[in-house]
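So you can see what is in the structure, the chains are spelled out below.
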Amino acid sequence: MHRFFAEKKDEGLLYLAKEDIKHFKDVLRIKDDEEVEVYVDGSGYIAVLNSYTKDELSIKILSEINEKYESDLKITLFQSLVKSDKMDFIIQKAIEMGVYGIVPIETKRSIVKKKYIKDKKLERYKNIAKAAAMQSKREFIPNVSDAMKLDEAKEILDGFDLVLIAYEDELDNSIKNYDIKDKKNIAIVVGPEGGFDISEIDELKKFGYKSISMGKRILRAETAPIALLTMLYYEFNGSGLL
């Protein structure tokens with residue numbers, strides 16, 4: 001069953017965003033009586049096509065969806081900016097994995113800088129997030145925020161129950177050192193190609209954030225967040241289920 005995210009809900013009807021109409025009718029070619037899953041404001045519904053024009057498509061609600069798809073653990077990824085194709089990959093896969101939100105950050109060794117993340121680039125990130133959320137049957141579209149510098153991100157990081165920094169030179173600590181089962185909001189901070197500068201790690205540690213090892217091998221910038229998300233969900237759920 002195909003999944004969509006509605007732009008609004010009104011009197012038993014759900015309305016898709018204009019950019020999704022062509023995908024609904026011309027790409028997927030969904031039939032008039034074919035049931036689809038539609039989410040809006042965190043609630044899901046089984047619905048069928050109600051009416052259609054090139055500018056508006058409404059879907060009639062048949063029933064609510066009670067099955068839960070989201071983890072109780074909310075993880076926000078603070079990802080250092082990396083080259084375009086790698087950033088696209090990270091956003092797509094992190095959202096498939098279940099990440100709650102993504103914050104692109106500029107760090108000292110970031111090849112891509114905050115000033116290059118203009119409106120079109122951010123729109124691309126958000127479109128990738130939306131497509132990944134639809135494909136992986138998320139209940140909402142995780143937000144990809146405006147890019148910010150690491151210093152700016154510190155103000156947001158203080159609001160999390162636990163902040164973990166993936167650091168290749170960490171020798172003593174791993175996820176196993178921290179009990180995450182009682183945590184609801186975790187931030188993970190992942191570096192760019194070339195990793196974090198030691199001064200950044202020292203500064204982050206002053207705020208009480210924890211650097212952790214990802215193992216004996218050095219992971220690529222696009223591999224590290226996916227590996228870390230997998231480890232965290234496994235630890236939290238006590239099983240391989242995300």
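Up top is the structure these notes are about.
Cut-offs and rules
- Residues numbered from 1 in each chain as written.
- Predicted model: local features only at pLDDT ≥ 70, side-chain atom pairs only at ≥ 80, totals over all residues.
- Heavy atoms only, no water.
- Helix = DSSP H or I, 4+ residues; strand = E, 2+ residues; numbered from the N terminus.
- Buried < 20%, exposed > 50% of the residue type's maximum accessible area, 1.4 Å probe, protein only.
- Contact = heavy atoms within 4.5 Å.
- Arc of directions from axis to C-beta.
- Axes fitted to C-alpha atoms, helices over the stretch in contact; angles between N-to-C directions.
- Parallel < 35°, antiparallel > 145°, perpendicular 65-115°, else oblique.
- Nonpolar A, V, L, I, M, F, W, Y, C, P; charged D, E, K, R; others polar.
- Pairing = 2+ DSSP bridges.
- Left-handed = near helix turned anticlockwise from the far one by under 90°.
- 1 Å grid on protein atoms, 1.4 Å probe; cavity = no way out; pocket = protein on both sides within 12 Å on 5 of 7 lines; lining within 4 Å.
- Points joined across faces, edges and corners; volume = space filled by probe spheres on them.
- Expected span 1.5 Å × (residues − 1).

**A few points about the overall build of the chain**
Here comes step 1: Of regular secondary structure, the chain possesses six helices and 12 strands.
Here comes step 2: If you line up the chain on its principal axes, its C-alpha atoms span 60 × 40 × 30 Å.
Here comes step 3: Each of the 242 residues in the chain was classed as buried or not, and the buried ones make up 49%.
Here comes step 4: If you take every contact in the chain between residues at least 6 apart in sequence, the share linking residues at least 24 apart comes to 74%.

**A closer look at helix α1 (residues 18-27)**
Here comes step 1: Looking only at α1, the buried set comprises Asp20, Ile21, Phe24 and Lys25. The buried residues of α1 occupy an angular sector of 120 degrees when projected down its axis, which confines them to one face. Exposed positions of α1 whose direction lies more than 90 degrees from the buried face are Glu19, Lys22 and Val27.
Here comes step 2: Here the buried face of α1 lies against β1 (3-10), β2 (13-16), β3 (36-40), β4 (43-52), β5 (57-65) and α3 (119-135).

**Describing unusual backbone geometry**
Here comes step 1: You will see that Glu11, though not glycine, has its phi angle at about 50 degrees, which is positive.
Here comes step 2: Note on placement: Glu11 falls in the loop between β1 and β2.

**Regarding the packing of helix α2 (residues 84-97) against helix α6 (residues 224-237)**
Here comes step 1: The geometry of α2 relative to α6 is characterised by a closest axis approach of 10 Å and an angle of 10 degrees between their N-to-C directions. With respect to each other, α2 and α6 are oriented roughly parallel. Residues Ile90, Lys93, Ala94 and Met97 of α2 touch α6, and the partners they reach there are Pro225, Ile226, Leu229, Thr230 and Tyr233.
Here comes step 2: Its residues assigned to classes, the contact of α2 with α6 comprises seven nonpolar, one polar and one charged.

**Notes on the sheet that holds β2**
Here comes step 1: Read around the closed barrel, five strands run β1-β2-β5-β4-β3, paired in mixed fashion. Strand-to-strand twist across the sheet, computed as the mean angle between neighbouring axes with direction ignored, equals 55 degrees.
Here comes step 2: With eight bridges joining them, β4 and β5 adopt antiparallel strand pairing. Note on β5: the bridge partner recorded for Tyr52 is Leu57.

**A word on the packing of α2 against α3**
Here comes step 1: Direction vectors running N to C along α2 and α3 enclose 35 degrees, while the axes themselves pass 8 Å from each other. Between α2 and α3 lies a crossing of right-handed hand. For the pair formed by α2 and α3, the contact residues are Ser84, Met87, Asp88, Ile91, Gln92, Ile95 and Glu96 on the first element and Lys121, Arg124, Tyr125, Ile128, Ala129, Ala132, Ala133 and Gln135 on the second.
Here comes step 2: Split into classes, the residues belonging to the contact of α2 with α3 amount to eight nonpolar, three polar and four charged.

**Observations concerning the layout of surface pockets**
Here comes step 1: Counted as a void, the largest pocket has a volume near 260 Å³.
Here comes step 2: Contributing to the lining of the largest pocket are 19 residues, with Glu168, Gly195, Ile218, Leu219 and Ala224 lying nearest its centre.
Here comes step 3: Residue composition of the lining of the largest pocket, grouped by class: 10 nonpolar, five polar and four charged.

**With respect to α3**
Here comes step 1: Across its 17 residues, α3 extends 24 Å between first and last C-alpha, which sits within 8% of the 24 Å expected from 1.5 Å per residue.
Here comes step 2: Along α3, the residues that are buried comprise Leu122, Tyr125, Ile128, Ala129, Lys130, Ala132, Ala133 and Met134.
Here comes step 3: After α3 finishes, the residue Lys137 shows a positive phi value of roughly 60 degrees.

Interpretation in functional terms is not warranted from these geometric data alone.
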